Amino acid sequence: MASIQVPGGTIPVEYSADVVVIGAGPGGFSAALQAARMGVSVLVVEKLDMPGGVHTSGFQGSANEGVGGIHSELMQRFAAEGYIYQADENNHPDWAGNPLSHYERMKAAGSEFTRLTFNPEGAGCVMADMLHEAGVKALYGTTFVDCVVEAGSGNDTIRAIIVENASGRLAIAGRIFIEGSGTGQVVARAGAPFVAGGGPQPETARWDGVNRPIPGGLLWTMSGVNYQSLVRHQKHAKDPLLEKVIAEAQAAGDLPDGLYRPRMGGKGVYGEAYIGHPTLDMSPMAAKGTYVLWQNVPYDMALRMDSNGDDQATAIQLLRGYINAEGKFLKKYVPGFEDASIASIGRFVGVRDGRHPVGEHVFCLDDVRAGRRFRDAVTKPMSKIFFWDGYRPYTFEVSFRSFLPKQIDNLILTGASLSFSYETIFMVMRNFPWCTQTGEIAGFAAARCIEKKLGPKELEWTEPYF
Ligand SMILES: Cc1cc2nc3c(=O)[nH]c(=O)nc-3n(C[C@H](O)[C@H](O)[C@H](O)COP(=O)(O)OP(=O)(O)OC[C@H]3O[C@@H](n4cnc5c(N)ncnc54)[C@H](O)[C@@H]3O)c2cc1C
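Rules used in this analysis
Starting afresh in each chain, residues are numbered from 1 along the sequence in its written order. Owing to the predicted nature of the model, reporting of local features is limited to residues with pLDDT of at least 70; listing and counting of side-chain atom pairs is limited to 80 or more, with chain, interface and lining totals taken over all residues. Side-chain numbers here rest on the full set of heavy atoms in the structure, without hydrogens or water. Helix and strand definitions here come from DSSP, where helices need a minimum of 4 consecutive H or I residues and strands a minimum of 2 consecutive E residues; each element is numbered from the N-terminal end. In this scheme, a helix's expected span is set at 1.5 Å multiplied by one less than its residue total. Accessible area is worked out with a 1.4 Å probe on protein chains only. A residue is then buried under 20% of its type maximum, exposed over 50%, and partly exposed in between. Here, residues are in contact when the closest pair of their heavy atoms is within 4.5 Å. Here a polar contact is taken to be a pair of N or O atoms separated by no more than 3.5 Å, where protein atoms must pair a possible hydrogen donor with a possible acceptor and residues adjacent in sequence count only if both atoms sit in side chains. In this analysis, the protein atoms alone were mapped onto a 1 Å grid. Cavities are point sets where a 1.4 Å probe fits without being able to get out; pockets are open sets with protein on both sides within 12 Å along at least five of seven lines; lining residues have an atom within 4 Å of a point. Grid points are joined across faces, edges and corners, and a volume is the space filled by probe spheres set on the points. Asp, Glu, Lys and Arg are counted as charged, while Ala, Val, Leu, Ile, Met, Phe, Trp, Tyr, Cys and Pro are counted as nonpolar; the rest, among them Gly, fall into the polar class.

**Student:** Sorry, what's going on with helix α3 (residues 120-133) here?
**Tutor:** In an α-helix, one turn spans 3.6 residues; hence positions three or four apart end up facing the same way. Taking 1.5 Å per residue as the helical rise, α3 with its 14 residues ought to reach 20 Å, and the 20 Å between its terminal C-alpha atoms agrees with that figure. What α3 keeps buried is the set Pro120, Gly122, Ala123, Gly124, Val126, Met127, Met130 and Leu131. Where α3 is buried, its residues touch α1 (26-37), β2 (42-46), α2 (69-80), β4 (114-118) and β5 (137-140). The backbone nitrogen of Glu121 lies 3.0 Å from a side-chain oxygen of the residue at the head of α3, namely Asn119. Residue Gly135 follows α3 closely and has a positive phi angle near 85 degrees.

As structure tokens, this is what we get:
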């Protein structure tokens, strides 16, 4: 391919801060908030128009009671500001056990359930307020593009990041940098080691012996849905999965190939337990008559959306086309959707399995299976079920060294960019509460480093934060 010479030269250092955070998803947001609350100067760059990442801009608004710290504070604040919506058997009779229900379909029909969601747009406003109240300088509409790295005799140091926004291309200097991009972008730009996503999964997670990357996904909402009318159709037409209306629409040429793919067989993440499978499912969200729906990047497209612009563009085009077709199909063919319309589409196709930075310790399934305990554990032992490993419950710890990327001295990892192997992805290392906790831990560590004039790798971690 042809190349072109670009002018070199200098660019202005427009801002500087003690702690510079790249990306304001759950990880970056809570890192920025915690560090600012400890009295250091904090600047965060976020390319979209609000904090919250996948959970606001990406519409993944699952709420719960909170796991302590900033995560619980968020849940309480969303509730206090009227942004939590509760679906239960009173307003959604026949929802438990309904095959269209994303989360409750495995429950016994008629059983009790409570589903809490937060309104992603409202939540984004609250999170922006919280950063503002804490004195964080938040540069929205600002995209991180590169790092200025100074080589050392041992490790390297990031001196500044390069960003682009309405002011043009500028530099931001800092002492400690925090990786909150969700896809290890700072690590990659700084030249530090990482493992690309989509690597070979353990045998227990395979289906048919085939290795498939965990697909990225795009969430969207429809409002104006008459739920009772939908349930009446499911019962009276004996069409619980909407197969009859799907067949009708297909025969009429109203559904593109590939839009409704059958659920994959098998067990584990690619079988029954896989969330975000490419078939019709939905979940009540934000308000009466509003539902969130999922479109996953098809399994057979080996997309590297975090590192290949072509793949990313193809995925966006494809999924938008599917959403358009699905919205029209539901309206035209499915009782209960006559007055519904597409309300919103997530601002980005989320990457579930992106780059995995290589840290001073890489958290892996063996740590969990062996029940390894770490002198520098960031939390007391946590208990979780590991889907990857046959639904087994484990109690485990995570070392602070999993927050420290190899090769760079002044970068701290958070959220989906922590150092972990892909087998630990599912429902542990990349879940929302944990990503928020890792951000808070990173923010605490960064502020401590500034106070004590230490680098993150010199900080002695002696007791769990949570
Ligand atoms: C489709 C999907 C569904 C999911 N469902 C669930 C679920 O049901 N439950 C659950 O617990 N977890 C779920 N997850 C996982 C969870 O959402 C993520 O692991 C978590 O959001 C990661 O947090 P993060 O802060 O690391 O990154 P993200 O949430 O990805 O946030 C990264 C932020 O950085 C910003 N950013 C990125 N690049 C740049 C740049 N170059 N310059 C400036 N800003 C940038 C982005 O705009 C974004 O705001 C899901 C993930 C996806 C993708």
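**Student:** Honestly, empty space enclosed by the protein in this entry has me stumped. Any pointers?
**Tutor:** Unfilled space is identified by rolling a water-sized probe across the atoms. Overall, the coordinates contain three cavities of 30 Å³ or more when judged by the stated rule. Taken as a whole, the second largest cavity holds about 50 Å³ of empty space. Looking at the second largest cavity, the residues that line it are Gly182, Val351, Arg352, Asp353, Gly354, Arg355, His356, Ala416, Phe420, Ile425 and Arg430. Within the lining of the second largest cavity, the residues separate by chemical class into four nonpolar, three polar and four charged.

**Student:** What am I meant to see in the side chain of His71 here?
**Tutor:** Within the secondary structure, His71 sits in helix α2. Taking relative accessible area as the criterion, His71 reaches 0% and is therefore assigned buried. Excluding residues that lie within four positions of it along the chain, His71 makes contacts with Asn64, Gly66, Phe432, Pro433 and Thr436.

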